[in-house]
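Fold and contact review
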Amino acid sequence: MTVLPGQVAASTDGAAAPADPLVLAASWLPSTEDGPGPTMTLSTLGLDGYPAARTVLLSRFDGERLHFHTDSRSRKAAELAALPRAAVTLVWPEVARQLVVVGDVARVTDAEARAAYAARTRYLQVLAWVNDHEAAADTADRRRELWAAFEQDRPELEPPDSWVGFALTPVRMLFWRGSTDAASNRLAYERHPDGGWSQESWPG
Ligand SMILES: Cc1cc2nc3c(=O)[nH]c(=O)nc-3n(C[C@H](O)[C@H](O)[C@H](O)COP(=O)(O)O)c2cc1C
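Residues numbered from 1 in each chain as written. Predicted model: local features only at pLDDT ≥ 70, side-chain atom pairs only at ≥ 80, totals over all residues. Heavy atoms only, no water.

This part covers the nonpolar core. Ranked by size, the top nonpolar core spans 30 residues in total, and within it Leu29 and Phe175 carry the most contacts. Contributions of two or more residues to this core are made by α1 (21-28), β4 (39-45), β7 (66-71), α2 (75-82), β8 (85-92), β9 (97-107), β10 (163-177) and β11 (185-191). Counting residues per element, this core draws most heavily on β10, at 5 residues. Not counting residues up to four positions away in its chain, the partners in contact with leucine 29 are Leu58, Phe61, Leu66, Leu90, Trp92 and Leu99. Membership of the second largest hydrophobic core comes to 10 residues, among which are Ala128, Val130, Phe150 and Trp163. (Core = buried A, V, L, I, M, F, W, Y, C linked by side-chain atoms within 4.5 Å. Buried < 20%, exposed > 50% of the residue type's maximum accessible area, 1.4 Å probe, protein only. Helix = DSSP H or I, 4+ residues; strand = E, 2+ residues; numbered from the N terminus. Contact = heavy atoms within 4.5 Å.)

UniProt tags residues 163-200 as "domain: Pyridoxine 5'-phosphate oxidase dimerisation C-terminal" (unreviewed entry). Secondary structure within residues 163-200 divides into 0% helix and 68% strand; the distance between the first and last C-alpha atoms comes to 38 Å. (UniProt positions renumbered as here; feature names shortened; annotations may be inferred.)

Right, let's talk about the site of the ligand for a bit. For the ligand, the full set of nearby residues is Thr39, Arg54, Thr55, Val56, Leu57, His69, Thr70, Ser74, Arg75, Lys76 and Arg120. Within the side chain of arginine 54, a nitrogen or oxygen atom sits 2.7 Å from an oxygen atom of the ligand. At a separation of 2.6 Å, an oxygen atom of the ligand approaches a polar side-chain atom of threonine 70. Against a free-state accessible area of 620 Å², the protein chains account for coverage of 58% of the ligand. Mapped onto the shell around the ligand, the elements with two or more residues apiece are β5 (51-57), β7 and α2. Of all the elements, β5 adds the most residues to the shell around the ligand, at 4 residues. (Near = heavy atom within 4 Å. Polar contact = N/O pair within 3.5 Å; in protein donor to acceptor, adjacent residues only side chain to side chain. Areas by Shrake-Rupley, 256 points an atom, 1.4 Å probe, with all protein chains shown as cover.)

For the structure shown, the criterion picks out 7 aromatic pairs. Judged by centre distance (6.0 Å) and plane angle (90 degrees), the rings of tryptophan 28 and tryptophan 92 are edge-to-face. Taken as a pair, tryptophan 28 in helix α1 and tryptophan 92 in strand β8 lie far apart in primary sequence, 64 residues in all. Here the two residues tryptophan 28 and tryptophan 92 agree in accessibility, since each one is buried. Relative to tryptophan 163, the ring of tyrosine 117 lies with its centre 5.1 Å away and its plane at 75 degrees, an arrangement referred to as edge-to-face. (Phe/Tyr/Trp six-rings, centres within 6.5 Å; stacked < 30°, edge-to-face > 60°.)

The structure is reproduced here in structure tokens:
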């Protein structure tokens, strides 16, 4: 079934499901006004053809796209430059929910990246500066010294040149819902070229 944004479709169990998965996502994702989070598994295609996955923070959901930020020298940045497609997986075991979003990735603007940096905790702002191969290979004591030396006389931090933001525009969204007394099920959405979404119910 294909539906246009704003319409409501009936799911196979008879209950109304939002026709627009972005609306449903907005009700599942917490507000990030108080800072980034939750975490999500970001999956890309590795340069060797194997899947590559790691945890990142959801910086923001703007109603259309999921934003995350990283180091432009990272493997994920190289992988996204080679193929700007990714999947993110978010899980809330305590409420038996999982959301998997697959889509196209694009760089965010410098202004947006700066705003996201400003919203990071001080720890994560410093980390963006001192997180390189040399420091990673050092002893724990030496890394602490480097951190303390960097912290001195730097009350305000600007983002380093390596700070970069990406936004994922969904083409597929999968909402998994578990239950203690019924089978789990998934609402599977797929975006069509006209901007509308098709929706199906799948077993868990
Ligand atoms: C809880 C948690 C949150 C993380 N958040 C981020 C993040 O927002 N951005 C980031 O670049 N790395 C983050 N990392 C580190 C990544 O998992 C990863 O190790 C790093 O980005 C290098 O990944 P890559 O070599 O695949 O590019 C986080 C790790 C953990 C455990």
